[in-house]
Amino acid sequence: MTPQPLRLGTRASALATSQSGWVADRLRAAGHQVELVRVTTEGDTSRRSLTEIGGTGVFASALRDALLEGRIDLAVHSLKDLPTAPCPGLTVAAVPEREDPRDVLVARDGLTLTQLPAGAVIGTGSPRRAAQLALARPDLQVRDIRGNVDSRIRMVRDGTLDAVVLARAGLARLDRLAEATEVLDTALMVPAAGQGALAIECRETDRELVDLLASVLEHEDTRTAVTGERAALSALEAGCTAPVGVLGSLEPSTAAGAGIPASPPTLTLHAFAALQTGPQRHVATGGSAAPAELGRSLAEHLLNRPDPTGAAAAQRSASPDVGSHTPESDL
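What counts and what doesn't
- Chains are numbered independently. Their residues run from 1 in the order of the written sequence.
- Local features in this predicted model are restricted to residues of pLDDT 70 or higher, and side-chain atom pairs are both shown and tallied only at a pLDDT of 80 or more, whereas totals for entire chains, interfaces and linings draw on every residue.
- Based on all heavy atoms of the structure, the side-chain values leave hydrogens and waters out of the count.
- Note on geometry: axes are C-alpha line fits, over the in-contact stretch for helices, and angles between N-to-C directions span 0 to 180 degrees.
- Secondary structure elements are taken from DSSP: a helix is a run of H or I of four residues or more, a strand is a run of E of two residues or more, and numbering for both begins at the N terminus.
- Orientation categories follow fixed angle ranges, with anything under 35 degrees roughly parallel, anything over 145 roughly antiparallel, 65 to 115 roughly perpendicular, and all other angles oblique.
- Note on definitions: a residue-residue contact is assigned when non-hydrogen atoms from the two residues lie within 4.5 Å.
- For this classification, the nonpolar set comprises Ala, Val, Leu, Ile, Met, Phe, Trp, Tyr, Cys and Pro, the charged set comprises Asp, Glu, Lys and Arg, and every other residue, Gly included, is treated as polar.
- Salt bridges are defined by distance alone: a side-chain nitrogen of Lys or Arg within 4 Å of a carboxyl oxygen of Asp or Glu.
- Here the term buried applies to any residue with accessible area under 20% of the maximum for its type, exposed to any over 50%, and partly exposed to those in between, with areas from a 1.4 Å probe on protein chains only.
- A helix is expected to span 1.5 Å multiplied by its residue count minus one.

Asks: Before we move on, can you summarise the packing of helix α1 (residues 14-29) against helix α7 (residues 207-217) with the specific residues and values?
Replies: Close contact between α1 and α7 brings their axes to 10 Å; oriented N to C, the two are set at 100 degrees. The angle between α1 and α7 falls in the class roughly perpendicular. Touching W22, V23, R26 and L27 of α1 are L212, L213, V216 and L217, all from α7. Partitioned by chemical class, the residues of the contact of α1 with α7 number seven nonpolar, no polar and one charged.

Asks: Residues and numbers for the pattern of salt bridges, please.
Replies: Evaluation of the coordinates by the stated rule reveals 20 salt bridges. Here D109 ties to R108 by a salt bridge, and the two come within 2.7 Å at their closest N and O atoms. Residue D139 pairs with R137 through a salt bridge whose shortest N-O separation is 2.6 Å. Residue classification places R137 among the buried positions, given a relative accessible area of 12%. The network of salt bridges with shared partners includes D150, R154, R157, R176 and E179.

Asks: Any chance you could break down helix α8 (residues 220-237) for me, citing the residues and the numbers?
Replies: Under the 1.5 Å per step criterion, the end-to-end length of α8 is 26 Å for 18 residues, consistent within 8% with the ideal 26 Å. For α8, the complete set of buried residues consists of T222, T224, A225, V226, G228, E229, R230, A231, A232, L233, L236 and E237. Summarising the contacts, the buried residues of α8 are in contact with β11 (244-251), β12 (266-275) and α9 (291-303).

See below:
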């Protein structure tokens, strides 16, 4: 009998199907049949702001339901859209090598961020990007927008906006990088945790499939970096509702002398968080063997910086929203 093809669940947008098609091609190259199954999520159908429609998980929940109900065998997520809490019964079997995680500007007339005139209108659906734009260019107007890559860029082309900020990875996967007018330095714009990376999820009981996905698609360095990033994000969710960016980078192990083992790679996490005490940046460095511990340590440092007035701590303890996460844009 011919083996049944693997049913790969994907959102229906051009970007999502491009990402899922990339995964499917690698599985096919390894000798497996794959068919794409399009699944509509709430994040795809609602035009409301992401902060209004439930936050983290609006792009993932329908795919996870399809997995748990047996309608698909595996799902491809943009990792930054995936909640940090695990879903019972499911596992992230593989994290492929990530694309460049930085954000880009797409602006009229080829302008860069510093060249945009005072009062220019810049669009983004991401509170993280909006908070960092307000620090870099407080003279700009930041407008909350929704829509796919094409519709957002069209707002610039038709003069509705002067610029938009998007993920470089999305433009790269759509072969539209030439439309970016500037790649934003991470010192100015820290990306979302997991930005540029994919998560391949399946049922944890499907051990043969778990092993297959890991062998074909897993990239160890990317897994290490995003584990630290997501641990920091998870710990920050426990203490505040805030726009947060975290980016991990690995320094290779250093060569050692004869008979002396090389030192392990070093993981560095750069974070931005617009906390109630004000916007903060912090860098944490540690061994790559314990990325989650490093991420939690970074978050603890941010959350425990002194508040001279004590007002922010009181506001956090009284707020009904403590423990929620302001969602990141899907683009």
